[in-house]
Amino acid sequence: MIKKTPARKAFLICNAIFLVFLCIITLYPILFVLFASFSDPGLMMKHTGLLLKPEGFSLEAYRAVMQNPNVWRGYGNTLFVVLIGTFLSLMTTAMAAYALSRRSMATRRFFMLMIIFTMMFSGGLIPLFLVVRDIGLYNTRWSLILPVMVNATNLTIMRTSFQELPVSLEESAKIDGANDLVIFARICLPLCKATMAVMCLYYGVAYWNSWFQASIYLRRRELFPLQLILREILIMNDTSSMDGGSVGDQEMIGETIKYATIIISTLPILVLYPFLQKYFVKGVMIGAVKG
């Protein structure tokens, strides 16, 4: 036990005050958006300064967002990209990481150097666009998945996780007649579920927040993901598709619509994160500490 001297007590008090202040300035933007989304549009237009509670109470913004077909269509497109993209990214990353972690693979160093090279240099946006267009992915949902299906950083983390497994497990499995596919599916993947959970979160959040690729590769509005719809509402101030009545009413409710759309678009990630939190630190730290 460390003796609590007056100096240490003062340090602990100052440390607690600093952490509370840090939590407040971190959480306040989220609370501001939440309070604003439930505020009355007329009162919100007149409000200035800090927002510590909803200005009145109104669900008008959420009603307008729910009635916008573009939002629901964007939700469907985003869910397709997130679910299919995350599954494919996890499988391809795990299989590549397993192969590159095997000591019996003679060319693994060469391939790892090539992968690390892509983390530092890229061909550029225009060559990538030409490749996506020429292979027939332009203006399809697959253009949001296949070009970014494997992330080099995630591949390196998962490769390190596989390398941490004891070699004796693989040797004993081969003695029992198991091939590489059985070792990968029944031994390596179950033992690395913490890393897999972290990779699932990384890929899922990346696909969910992706809008730049959609703005380049998609021209059909029915294929737009939710984040591209949100960008139009927030940056381009496009609320014309919302059911807000007259032009004056649309301008008034437009502010609260922006906040309501932010809450709706971030809610799934906030709900998913607590279920993966227990794996997060363990998965990220694999390979960072020896012993």
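Residues numbered from 1 in each chain as written. Predicted model: local features only at pLDDT ≥ 70, side-chain atom pairs only at ≥ 80, totals over all residues. Heavy atoms only, no water.

Asker: Outline the overall build of the protein, supporting the account with residue identities and numerical values.
Answerer: Secondary structure summary: the protein contains 13 helices and zero strands in total. Listed by position from the N terminus, the elements making up the protein come as α-α-α-α-α-α-α-α-α-α-α-α-α. Per-residue burial for the protein yields a buried fraction of 36% across its 291 residues. Sequence-distant contacts, at least 24 apart, represent 72% of the contacts inside the protein between residues at least 6 apart. In the structure as shown, the protein presents an accessible area of about 17400 Å², 69% of it carried by carbon and sulfur atoms. (Helix = DSSP H or I, 4+ residues; strand = E, 2+ residues; numbered from the N terminus. Buried < 20%, exposed > 50% of the residue type's maximum accessible area, 1.4 Å probe, protein only. Contact = heavy atoms within 4.5 Å. Areas by Shrake-Rupley, 256 points an atom, 1.4 Å probe, with all protein chains shown as cover.)

Asker: Can you tell me about the packing of helix H4 (residues 69–101) against helix H7 (residues 152–163), naming the residues and giving the values?
Answerer: Relative to each other, H4 and H7 sit at 50°, their axes nearing to 8 Å. Classified by the angle their axes make, H4 and H7 are oblique. Along this stretch, H4 crosses H7, giving a crossing that reads as right-handed. The residues of H7 that touch H4, namely those facing Thr 93, Ala 94, Ala 96, Ala 97, Tyr 98, Leu 100 and Ser 101, are Asn 154, Leu 155, Met 158, Arg 159, Phe 162 and Gln 163. Broken down by class, the residue content of the contact of H4 with H7 amounts to eight nonpolar, four polar and one charged. (Axes fitted to C-alpha atoms, helices over the stretch in contact; angles between N-to-C directions. Parallel < 35°, antiparallel > 145°, perpendicular 65-115°, else oblique. Left-handed = near helix turned anticlockwise from the far one by under 90°. Nonpolar A, V, L, I, M, F, W, Y, C, P; charged D, E, K, R; others polar.)

Asker: Mind laying out the packing of aromatic side chains, listing which residues take part and the relevant values?
Answerer: For the coordinates displayed, the defined rule picks out 15 aromatic pairs. Measuring from ring centre to ring centre gives 5.3 Å for Tyr 98 and Phe 184, while their planes differ by 55°; the resulting arrangement is tilted. Within this pair, whereas Tyr 98 is found in helix H4, its partner Phe 184 is found in helix H9 (residues 180–191), the two being separated by 86 residues in sequence. Aromatic ring contacts, followed pair by pair, group Tyr 28, Phe 32 and Tyr 259 into a single cluster. Positioned above the aromatic ring of Phe 80 is the side chain of Arg 141, whose terminal nitrogen or guanidinium carbon lies 5.3 Å from the ring centre. (Phe/Tyr/Trp six-rings, centres within 6.5 Å; stacked < 30°, edge-to-face > 60°. Lys NZ or Arg CZ within 6 Å of the ring centre and 35° of its normal.)

Asker: Help me get a handle on unusual backbone geometry, residues and values and all.
Answerer: Trans is the common state for peptide bonds, and a negative phi is the common state for residues other than glycine. A positive phi angle is found at Asn 139, which is not glycine, with a value near 65°. Mapping Asn 139 onto the fold places it in the loop between helix H6 (125–134) and H7. Residue classification places Asn 139 among the buried residues on the basis of a relative accessible area of 18%.

Asker: Lay out a nonpolar patch on the surface with the relevant residues and their values.
Answerer: Where nonpolar side chains cluster on the molecular surface, the patch consists of Phe 18, Leu 19, Val 20, Phe 21, Leu 22, Ile 24 and Ile 25 and spans about 670 Å² of accessible area. Relative to the assigned elements, Ile 24 resides in helix H1 (residues 6–37). (Patch = residues over 30% accessible without salt bridge, like charges linked within 9 Å, V, L, I, M, F, W, Y side chains within 5 Å. Salt bridge = Lys/Arg side-chain N within 4 Å of Asp/Glu carboxyl O.)

Asker: Give me the lowdown on the pattern of salt bridges, citing residues and values where you can.
Answerer: By the definition in use, this model includes five salt bridges. Residue Glu 170 pairs with Lys 174 through a salt bridge whose shortest N-O separation is 3.2 Å. Remark: Lys 174 and Glu 170 occur in helix H8 (residues 167–175); sequence separation between them is four residues, near one turn of the helix. Residue Glu 170 is classed as buried on the basis of its relative accessible area, which comes to 15%. Classification of Lys 174 by relative accessible area gives partly exposed; the value is 43%. One salt bridge in this structure joins Glu 222 and Arg 220, with 3.1 Å as the shortest N-O distance. The partly exposed category is assigned to Glu 222, whose relative accessible area is 38%. On the basis of relative accessibility, which here comes to 39%, the residue Arg 220 falls in the partly exposed class. Through salt bridges with shared partners, a single ionic network connects Arg 102, Glu 170 and Lys 174.

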